[in-house]
Amino acid sequence: MSESVIRIASIYPTLLGTYGDGGNVLALKHRAGLHGLVTDVVDVSPGEPLPRDCDLYVLGGGEDTAQVAAADSLRADGGLTQAVDRGAAVLAICAGYQLIGQEFPDATGAPSAGVGILDIRTDRLPKRAVGELLTRPDPQAPAGLTDLLTGYENHAGATHLGPDARPLAQVEFGVGNGDVSEGAISGHVMGTYLHGPCLARNPQIADVLLGWVVGELLPHIAEREVEELRAERLEFVRRSGR
């Protein structure tokens, strides 16, 4: 693989890091190492300018107030939009997923402006979605996504995709976007409700993101511990009857 360094920006981990979402950056570093890729992680705190030159930007989940604060800060900074315009990759989880869209509800349920790099809009579900989430990659999902995707969801958002976004997956158990689809993709921007952390439970997604950065489809490298975790989670969901 390339000898160049992949720069990963972890965006506001103190605001957007619920349910172990910070583990997604660790998983990216680990998977990159398996593929012979070198990474450099930049933690970006609230109030700091977002680096414009990173290859991959990662956002996690957060509470309503933190979500609004993060969206306002990112809109004012403008760096994430600039990075996406030049082709950088983005992974956004739960609240991070909602806030990179056009709008999402604040703590009162009123619409709040998003960053606008993903053609989605989020409002409220009739009932909060909490529990294990099992999905199958959408037929239009990126090459390399073939495995069932698993995670934990805890959100009240119903996310509606616009014409410039396509689903990441289709729901088998759980709620996801609220319309049988889960997550969204546009270009090299990916959003999902999968906690877990997402990339530890779904290494194929990590490989897709890294592949976008290096410009090639990365081969699957199986790890026994990960496969055991995935098998246990799949069995749990199926046993629960969700």
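Here is a short report on the structure shown in this document. Here the structure is a predicted model, which means the values were calculated and not measured. Chains are numbered independently. Their residues run from 1 in the order of the written sequence. In keeping with the model being predicted, local features are shown solely for residues with a pLDDT of at least 70 and side-chain atom pairs are shown and tallied solely at 80 or more, while totals for entire chains, interfaces and linings include all residues. Note that the side-chain values use all heavy atoms of the structure and ignore hydrogens as well as water.

1. Comments concerning the environment of S4
Part 1 of the argument: Under the scheme used here, helices are H or I runs from DSSP no shorter than 4 residues and strands are E runs no shorter than 2 residues, and both carry numbers assigned from the N terminus. Mapped onto the elements, S4 comes out in the segment before β1 (5-11).
Part 2 of the argument: Using a relative accessible area of 46% as the deciding quantity, one classes S4 as partly exposed. Working definition: with a 1.4 Å probe on protein chains only, accessible area under 20% of the residue-type maximum means buried, over 50% means exposed, and in between means partly exposed.

2. Re the pattern of salt bridges
Part 1 of the argument: Counted as salt bridges are all cases of a side-chain nitrogen of Lys or Arg within 4 Å of a carboxyl oxygen of Asp or Glu. For the structure on display, the rule yields 14 salt bridges.
Part 2 of the argument: Measuring nitrogen to oxygen at the nearest pair gives 3.1 Å for the salt bridge that ties R31 to E223. Here R31 is found in helix α1 (residues 23-34), whereas its partner E223 is found in the loop between α6 (203-214) and α7 (224-240), with 192 residues between them in sequence. The pair R31 / E223 is uniform in exposure class, with both members buried.
Part 3 of the argument: Between E132 and R233 there is a salt bridge whose closest N-O contact spans 3.0 Å. With E132 in strand β7 (residues 120-137) and R233 in helix α7, this residue pair connects regions lying 101 residues apart in the sequence.

3. Quick notes on the nonpolar core
Part 1 of the argument: What we call a nonpolar core is a set of buried Ala, Val, Leu, Ile, Met, Phe, Trp, Tyr and Cys residues that are connected through their side-chain atoms within 4.5 Å. Formed by 63 residues in total, the largest nonpolar core has its most connected members in Y57 and L99.
Part 2 of the argument: Of all the elements, α6 adds the most residues to this core, at six residues.
Part 3 of the argument: Grouped together as the second largest cluster of nonpolar side chains are five residues, L134, F173, L234 and V237 included.

4. Here's the deal with α7
Given 3.6 residues per turn, any residue in an α-helix points the same way as the ones three and four places further on.
Part 1 of the argument: Compared with an ideal rise of 1.5 Å per residue, which puts 17 residues at 24 Å, α7 spans 24 Å between its outermost C-alpha atoms and is within 8% of the ideal.
Part 2 of the argument: Restricting attention to buried positions, one finds in α7 the residues V226, R230, R233, L234 and V237. Along the long axis of α7, the arc covered by the buried residues comes to 100 degrees, so they all point the same way. Facing away from the buried surface of α7 by more than 90 degrees, the exposed residues are R224 and R239. Multiply 1.5 Å by the residue count of a helix minus one, and that product is the helix's expected span. To obtain the arc, one takes the directions from the helix axis to the C-beta atoms.

5. Describing the packing of aromatic side chains
Part 1 of the argument: Each pair of aromatic rings taken from Phe, Tyr and Trp, with Trp reduced to its six-membered ring, is defined by centres within 6.5 Å and is described as stacked if the planes are under 30 degrees apart, edge-to-face if over 60, and tilted in the remaining cases. Counted by the stated rule, this structure contains two aromatic pairs.
Part 2 of the argument: Here Y19 and Y152 contribute two aromatic rings whose centre-to-centre distance is 6.1 Å and whose plane-to-plane angle is 50 degrees, an arrangement assigned as tilted. Of this pair, Y19 sits in the loop between β1 and α1 while Y152 sits in strand β8 (residues 149-161), and the two are 133 residues apart along the sequence.
Part 3 of the argument: The exposure class of Y19 is partly exposed, given its relative accessible area of 42%.
Part 4 of the argument: Ring geometry for Y97 against Y193: centres 5.0 Å apart, planes inclined by 75 degrees, an arrangement best described as edge-to-face.

6. Some remarks on the side chain of S10
Part 1 of the argument: Mapped onto the elements of the fold, S10 is located in strand β1.
Part 2 of the argument: Residue contacts for S10: discarding those within four places in its chain leaves V25, V42, D43, V44 and V58. Residue contacts are defined here by distance: any two heavy atoms, one from each residue, within 4.5 Å place the two residues in contact.

7. Remarks on the sheet that holds strand β12 (residues 189-192)
Part 1 of the argument: Across the sheet, six strands lie side by side as β2-β1-β3-β4-β12-β11; this open sheet has mixed pairing. On the outer flanks of this sheet lie β2 (38-44) and β11 (184-186), each paired with one strand and no other. The mean angle between the axes of side-by-side strands here comes to 15 degrees, regardless of whether they run parallel or antiparallel.
Part 2 of the argument: Should DSSP find at least two bridges between two strands, the strands are taken to pair. Of the strand pairs in this sheet, strand β4 (residues 89-93) and β12 are connected by four bridges, and their pairing is parallel. The partner of A92 across the bridge, within β12, is G191. Orientation is described by axes fitted as lines to C-alpha atoms, over the contacting stretch for helices, and by angles from 0 to 180 degrees between their N-to-C directions.

8. Focus: helix α2 (residues 64-77)
Part 1 of the argument: For α2, built from 14 residues, the straight-helix expectation of 20 Å at 1.5 Å per residue is met to within 8% by its first-to-last C-alpha distance of 20 Å.
Part 2 of the argument: Regarding α2, the residues found buried are A66, Q67, V68, A70, A71, L74 and D77.
Part 3 of the argument: In this fold, the buried residues of α2 make contact with β1, β3 (56-59), α3 (79-85), α4 (95-99), β5 (103-105) and β6 (111-113).
Part 4 of the argument: Looking at the residues trailing α2, positive phi occurs at G78, about 80 degrees.

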